[in-house]
Amino acid sequence: MMSFEMNDRKKIGLGLTGFGVFFSFLGIVFFFDKGLIAMGNILFISGVALTIGLKSSLQFFMKRSNYKGTISFGVGFFFVVIGWPILGMILEAYGFVVLFSGFWPTLAVFLQKIPILGWIFQQPFVRSFFDRYRGKRVPV
């Protein structure tokens, strides 16, 4: 059985992932600033690697079913670095959705358990939308 305890490495990884999302958001707000977006990408990838481990990260990104998302995210990152941030962000967004689409059922369960916000996600229309994807398996 796997351990889900929060050690220091996982805490740092979650912090780096959060800062990566924050810097990417700032890069978009500041009219697609390539420096902030690139820094956000580096922090996000390093945060994911620290959170789930280097071996698990490599297995996740190199899985045959995730090649399309990994290549799209990598090419998008390359376009951001060379100075085409809008095209790069479009490719990265597509890669992100393809790579992490298996996590939506887990996210749905988490959102339904939040005290005030969970009430909205437990309404019949929203719940039927989430129940459609609940049976899927998380990729990690």
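Since this is a predicted model, take the numbers as computed values, not measurements.

A. Geometry of the overall build of the protein chain. The helix and strand tally for the protein chain stands at eight helices and zero strands. Of the regular secondary structure in the protein chain, the N- to C-terminal order runs α-α-α-α-α-α-α-α. In terms of overall dimensions, the protein chain has C-alpha extents of about 45 × 35 × 30 Å along its principal axes. Considering the protein chain as a whole, with its 140 residues, one finds that 31% of them fall into the buried category. Entry remark: accessible area of the protein chain is about 9500 Å², with carbon and sulfur atoms responsible for 75%.

B. Quick look at the packing of helix H4 (residues 67–82) against helix H5 (residues 85–100). Axis separation between H4 and H5 bottoms out at 7 Å; the angle between their running directions is 160 degrees. In terms of axis orientation, H4 runs roughly antiparallel to H5. In terms of crossing hand, the pair formed by H4 and H5 is left-handed. Here Lys68, Gly69, Thr70, Ser72, Phe73, Val75, Gly76, Phe77, Phe79 and Val80 of H4 lie close against H5, whose contacting residues are Pro85, Leu87, Gly88, Met89, Leu91, Glu92, Tyr94, Gly95, Phe96, Val98 and Leu99.

C. Examining the UniProt feature "transmembrane region" (unreviewed entry) in the protein chain more closely. Feature annotation in UniProt places "transmembrane region" (unreviewed entry) on residues 12–32, 38–58 and 70–87, given in this structure's numbering. With 89% helix and 0% strand, residues 70–87 has end C-alpha atoms that lie 16 Å from one another.

D. Seen up close, the nonpolar core. Listed in full, the seven residues of the largest apolar core are Phe44, Val48, Phe60, Phe61, Phe73, Leu99 and Phe100. Here phenylalanine 73 is in contact with Asn41, Ile45, Leu91, Glu92, Gly95, Phe96 and Leu99, once residues within four sequence places are set aside.

E. Representation of the packing of aromatic side chains within the structure. Evaluated as defined, the whole model comprises 10 aromatic pairs. An aromatic cluster of three or more residues is present, and its members are Phe44, Phe60, Phe61, Phe96, Phe100 and Phe103.

F. A look at helix H2 (residues 34–52). With 19 residues, H2 extends 27 Å between its outermost C-alpha atoms, agreeing within 8% with the 27 Å of an ideal straight helix rising 1.5 Å per residue. For H2, the complete set of buried residues consists of Leu36, Ile37, Ala38, Gly40, Asn41, Leu43, Phe44, Gly47, Val48 and Thr51. Taken together, the buried residues of H2 touch helix H1 (8–29), helix H3 (54–61), H4 and H5. Following H2 by one or two positions, glycine 53 adopts a phi angle in the positive range, close to 100 degrees.

G. Here's a closer look at H4. Here H4 contains 16 residues, and its C-alpha end-to-end distance of 22 Å stays within 8% of the 22 Å for a straight helix at 1.5 Å per residue. Inspection of H4 places Gly69, Ser72, Phe73, Gly76, Phe79 and Val80 among the buried residues, and these make up the whole buried set. In an axial view of H4, the angular spread of the buried residues amounts to 125 degrees, which keeps them on one side of the axis. Where H4 is buried, its residues meet H2 and H5. Phi turns positive, to about 115 degrees, at glycine 83, one or two residues after H4.

Rules used throughout
Within each chain, residue numbers correspond to sequence positions counted from 1 in written order. The predicted nature of this model means local features are confined to residues of pLDDT at least 70 and side-chain atom pairs, given and counted, to a pLDDT of 80 or more, with totals for whole chains, interfaces and linings taken over all residues. Values shown for side chains rest on all heavy atoms present in the structure; no hydrogens or waters enter the calculation. Secondary structure elements follow DSSP: runs of H or I no shorter than four residues count as helices, runs of E no shorter than two count as strands, and numbering proceeds from the N terminus. Think of it in three bands: residues with accessible area under 20% of the maximum for their type are buried, residues over 50% are exposed, and the middle band is partly exposed, with areas taken using a 1.4 Å probe on protein chains only. In short, Shrake-Rupley with a 1.4 Å probe defines the accessible areas, and a residue's cover is counted only from the protein chains shown. Here an axis means a line fitted to C-alpha atoms, over the contact stretch when the element is a helix, while the angle between two N-to-C directions is reported on a 0 to 180 degree scale. Working definition: roughly parallel below 35 degrees, roughly antiparallel above 145 degrees, roughly perpendicular at 65 to 115 degrees, and oblique for all remaining angles. A clockwise turn of the near helix away from the far one marks a right-handed crossing, whereas an anticlockwise turn of less than a right angle marks a left-handed crossing. Only heavy atoms matter for contacts: two residues are in contact if any of them lie within 4.5 Å across the pair. UniProt positions are given in the numbering used here, feature names are shortened, and annotations may be inferred rather than shown by experiment. In this text, buried Ala, Val, Leu, Ile, Met, Phe, Trp, Tyr and Cys residues form a nonpolar core when linked through side-chain atoms within 4.5 Å. We call Phe, Tyr and Trp rings a pair once their centres come within 6.5 Å, taking the six-membered ring for Trp, and we label the pair stacked below 30 degrees between planes, edge-to-face above 60, and tilted otherwise. A helix is expected to reach a length of 1.5 Å times the quantity of its residues less one. Directions from the helix axis toward the C-beta atoms define the arc.

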